Amino acid sequence: MFLAKTEGSAIRRIGHDRWLRNIAVALGNTSASPRIIEALTPQLRHHSEMSEKHVQWALDQQTQ
């Protein structure tokens, strides 16, 4: 799905793992929101350890 949605976009060059990491960092730096927590939680089961660590960090920031 990532490849289909990012066809022709510069986002595709960084790949799904780095894209998810960047989104997690951005969401971790925003005001707490139940919708953000809801969106991030399923990403904890991501196949990339790097992405999982950043998603966990973002969730920690959201629940402080």
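The structure displayed is predicted, hence computed values, not measured ones.

Cut-off values and rules
Residues numbered from 1 in each chain as written. Predicted model: local features only at pLDDT ≥ 70, side-chain atom pairs only at ≥ 80, totals over all residues. Heavy atoms only, no water. Core = buried A, V, L, I, M, F, W, Y, C linked by side-chain atoms within 4.5 Å. Buried < 20%, exposed > 50% of the residue type's maximum accessible area, 1.4 Å probe, protein only. Helix = DSSP H or I, 4+ residues; strand = E, 2+ residues; numbered from the N terminus. Contact = heavy atoms within 4.5 Å. Phe/Tyr/Trp six-rings, centres within 6.5 Å; stacked < 30°, edge-to-face > 60°.

In globular proteins that are soluble, nonpolar side chains generally tend to be buried together. L20, A24, I36, L40, V55, A58 and L59 together form the largest nonpolar core, which totals seven residues. Contributions of two or more residues to this core are made by α2 (11-28), α3 (34-40) and α4 (49-62). Here this core takes three residues from α4, the largest share from any one element. Once residues lying within four places of it in the same chain are set aside, the contact partners of L40 are A24, L27, V55, A58 and L59.

Moving on to the packing of aromatic side chains. Evaluated as defined, the whole model comprises one aromatic pair. Aromatic side chains F2 and W19 sit 5.3 Å apart centroid to centroid with 50° between the ring planes, which places their arrangement in the tilted category. Note that F2 is positioned in helix α1 (residues 2-5) and W19 in helix α2, a separation of 17 residues in sequence.

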